[in-house]
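The residues making up each chain are set out below.
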Amino acid sequence: MTDTKTAPYAALVLRLALGILFLAHAGLKIFVFTPAGTAAFFGSLGLPGWFAYVTIVWEVVGALALILGVWPRLFAVILIPVLLGAIFTVHGAAGFFFTNPKGGWEFPAFWIVGLIALALTGDGAFALKPTPIGKAAR
């Protein structure tokens, strides 16, 4: 049975945690690897370098949407392809465990599970702009 009094706060905690993780991940690309370095890395994977900039913007916008609660259920789903891309281009070949050299796909996969859980659970407490999907069904 779901506790309807606390479930919105659980979704809020999940939303904030996921958003902060995405901000940190984007910050790594911006401040540590630099956008140009990230573009070069994407190029080394056979991806177009410009796609690194799209990914950085995607992560920052998605992170802010989750943290602020702007269509959070929708943005949870929209962020999943970023992590699938990380699994299929970098982490998948390294095996399951994230402690493996080059990091396995364990952490990005778990991150996807968190995003799916948020999308299914709801926007959470204090969402500034709740997701409009499903309003007709309520």
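Residues numbered from 1 in each chain as written. Predicted model: local features only at pLDDT ≥ 70, side-chain atom pairs only at ≥ 80, totals over all residues. Heavy atoms only, no water.

## Looking at helix α4 (residues 72-91)
Within α4, the full set of buried residues consists of Pro-72, Phe-75, Ala-76, Leu-79, Ile-80, Val-82, Leu-83, Ala-86, Ile-87 and His-91. Those residues of α4 that are buried lie in contact with α1 (7-32), α3 (50-68) and α5 (106-121). (Buried < 20%, exposed > 50% of the residue type's maximum accessible area, 1.4 Å probe, protein only. Helix = DSSP H or I, 4+ residues; strand = E, 2+ residues; numbered from the N terminus. Contact = heavy atoms within 4.5 Å.)

## Regarding the packing of aromatic side chains
The full count for this structure, using the stated rule, is eight aromatic pairs. Ring geometry for Phe-22 and Trp-111: centres 4.5 Å apart, planes at 40°, overall tilted. In this pair, Phe-22 sits in helix α1 while Trp-111 sits in helix α5, placing the two residues 89 residues apart along the sequence. The interplanar angle of 85° and the centroid separation of 5.8 Å between the aromatic rings of Trp-50 and Phe-51 together place this pair among those described as edge-to-face. Among the aromatic side chains, those forming a connected cluster through ring pairs are Phe-22, Phe-98, Phe-107 and Trp-111. (Phe/Tyr/Trp six-rings, centres within 6.5 Å; stacked < 30°, edge-to-face > 60°.)

## A short note on the pattern of salt bridges
Summed over the entire model, instances satisfying the criterion amount to one salt bridge. Across the pair Glu-59 and Lys-29 runs a salt bridge, and its minimum N-O distance is 3.0 Å. Pair noted here: Glu-59 is in helix α3 and Lys-29 is in helix α1, with a separation of 30 residues, a long-range link. (Salt bridge = Lys/Arg side-chain N within 4 Å of Asp/Glu carboxyl O.)

## A word on the packing of α4 against α5
The contact between α4 and α5 brings their axes to 9 Å, and the two run at 165°. On the basis of the axis angle, α4 is roughly antiparallel to α5. Pair α4 / α5 crosses with left-handed handedness. Here Pro-72, Arg-73, Ala-76, Val-77, Leu-79, Ile-80, Leu-83, Leu-84, Ile-87 and His-91 of α4 lie close against α5, whose contacting residues are Pro-108, Ala-109, Trp-111, Ile-112, Leu-115, Ile-116, Leu-118, Ala-119 and Leu-120. (Axes fitted to C-alpha atoms, helices over the stretch in contact; angles between N-to-C directions. Parallel < 35°, antiparallel > 145°, perpendicular 65-115°, else oblique. Left-handed = near helix turned anticlockwise from the far one by under 90°.)

## Thoughts on the packing of helix α2 (residues 35-44) against α3
Running from amino to carboxyl end, α2 crosses α3 at an angle of 120°, the nearest separation of the two axes being 7 Å. Here α3 runs oblique to α2, going by the angle between their axes. Both α2 and α3 take part in a crossing whose hand is right-handed. Contacts between α2 and α3 involve Pro-35, Ala-36, Thr-38, Ala-39 and Phe-42 from the former and Phe-51, Ala-52, Tyr-53, Thr-55 and Ile-56 from the latter. Residues that form the contact of α2 with α3 fall into these classes: eight nonpolar, two polar and no charged. (Nonpolar A, V, L, I, M, F, W, Y, C, P; charged D, E, K, R; others polar.)

## A few points about the nonpolar core
It is characteristic of soluble globular proteins that their nonpolar side chains tend to be buried jointly. By size, the foremost hydrophobic cluster in this structure holds 19 residues, and its most contacted members are Leu-18, Phe-22, Leu-66, Leu-83, Leu-115 and Leu-118. Those elements that provide at least two residues to this core are α1, α3, α4 and α5. Broken down by element, the residue count for this core peaks at seven residues, all from α4. Among residues more than four places away in sequence, those in contact with Leu-118 are Ala-11, Leu-14, Arg-15, Leu-18, Leu-66, Pro-72, Arg-73 and Ala-76. (Core = buried A, V, L, I, M, F, W, Y, C linked by side-chain atoms within 4.5 Å.)

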